[in-house]
Amino acid sequence: MHLAQRAAAIVLTLGLSAGLVGCGFHLKGSNTTTAPLVYNKLTLVLPDNTDELENRLSIYLSATGVQLSNANDAYVLRILDYTPRRQLLNGKLTEVLLRLTVTFQIEDRQGKKITEPRTLTASRTYQYDVATVNTDNQQEAYLNRIIVDDIAQQVTRQIAANRLPKAQP
């Protein structure tokens, strides 16, 4: 085989392999988005005024195969802390830092910890000139929705990947 033919065969093989992976092909039993068997039923327990997070968690957890249920055999995903913060940095431009910190753990129905508490943080910043901008609230509301969505995805990924440390007795 000539060098050009070998190179063409390698490129063709790599291209076909990349196309196969890109279309979502995987061997049976290696689905990485399926929740571990132990967390296949969850009840969500969140603080007041966290409806958006509860909505996003419901969507993402259901998509990974978790059944949201109030049954006696369901584990409890408890949000222990939900702390949004807004920080203003004034200068020539005003910069706003939005940060959301959420701490959660998984418990059994009797309240016994199954996993150690895990704290996740998401943040976004934006800048504006006070003299020219009057849409500050719209941008902030949009970024707050993005932050809540990001936290919900992080929680879901950690549950689906079973990356939560087991509780110490």
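In what follows, the accompanying structure is described. These numbers were taken from a predicted model, which means no experiment stands behind them.

### Things to note about the sheet that holds strand β3 (residues 75–89)
Next up, step 1: With respect to topology, five strands assemble into an open sheet ordered β2-β1-β3-β4-β5, the strand pairing being mixed. Single-partner strands in this sheet number two, and they are β2 (67–68) and β5 (118–128).
Next up, step 2: Two strands pair when backbone bridges link them, and strand β1 (residues 41–45) and β2 are joined in this way by two bridges, in the parallel orientation. By the bridge assignment, Leu 42 is partnered in β2 with Leu 68.

### Here we look at the nonpolar core
Next up, step 1: The biggest cluster of nonpolar side chains holds 29 residues, and the ones touching the most others in it are Leu 53, Leu 57, Leu 61, Leu 77, Ile 151, Val 155 and Ile 159.
Next up, step 2: Looking at this core, the elements that each hand over two or more residues are β1, α2 (51–63), β3, β4 (94–107), β5 and α3 (136–160).
Next up, step 3: For this core, the leading source of residues is α3, giving seven residues.
Next up, step 4: Leave out the neighbours within four places in its chain, and Ile 151 touches Leu 53, Leu 100, Val 102, Leu 120, Thr 121 and Ala 122.

### A closer look at α2
Next up, step 1: With 13 residues, α2 ought to run about 18 Å at 1.5 Å a step, and its terminal C-alpha atoms sit 19 Å apart, in line with that.
Next up, step 2: For α2, the full list of buried residues reads Leu 53, Leu 57, Tyr 60 and Leu 61. An end-on view of α2 places all buried positions within 95° of arc, on one side of the element. Exposed positions of α2 whose direction lies more than 90 degrees from the buried face are Asp 51 and Ala 63.
Next up, step 3: With its phi angle positive at about 100°, Gly 65 sits one or two positions after the end of α2.

### A look at the pairing of β4
Next up, step 1: In terms of burial, β4 is largely enclosed, as twelve of its 14 residues are buried.
Next up, step 2: For β3 and β4, the ladder comprises 13 bridges, and the chain directions are antiparallel. Paired with Leu 88 across the bridge in β4 is Val 96.
Next up, step 3: Following β3, the chain reverses through four residues before pairing antiparallel with β4.
Next up, step 4: With eleven bridges joining them, β4 and β5 adopt antiparallel strand pairing. In the sheet register, Glu 95 faces β5, and the bridge partner there is Gln 127.

### Description of the packing of aromatic side chains
The description of an aromatic ring pair rests on the distance of the ring centres and on the angle between the ring planes.
Next up, step 1: According to the stated counting rule, one finds one aromatic pair in the structure shown.
Next up, step 2: Consider the rings of Tyr 39 and Tyr 75, whose centres lie 6.1 Å apart with planes at 80°: the pair is edge-to-face. Of the two residues, Tyr 39 sits in the loop between α1 (3–22) and β1 while Tyr 75 sits in strand β3, which places them 36 residues apart along the sequence.

Reading guide: rules and limits
Residues numbered from 1 in each chain as written. Predicted model: local features only at pLDDT ≥ 70, side-chain atom pairs only at ≥ 80, totals over all residues. Heavy atoms only, no water. Pairing = 2+ DSSP bridges. Helix = DSSP H or I, 4+ residues; strand = E, 2+ residues; numbered from the N terminus. Core = buried A, V, L, I, M, F, W, Y, C linked by side-chain atoms within 4.5 Å. Buried < 20%, exposed > 50% of the residue type's maximum accessible area, 1.4 Å probe, protein only. Contact = heavy atoms within 4.5 Å. Expected span 1.5 Å × (residues − 1). Arc of directions from axis to C-beta. Phe/Tyr/Trp six-rings, centres within 6.5 Å; stacked < 30°, edge-to-face > 60°.

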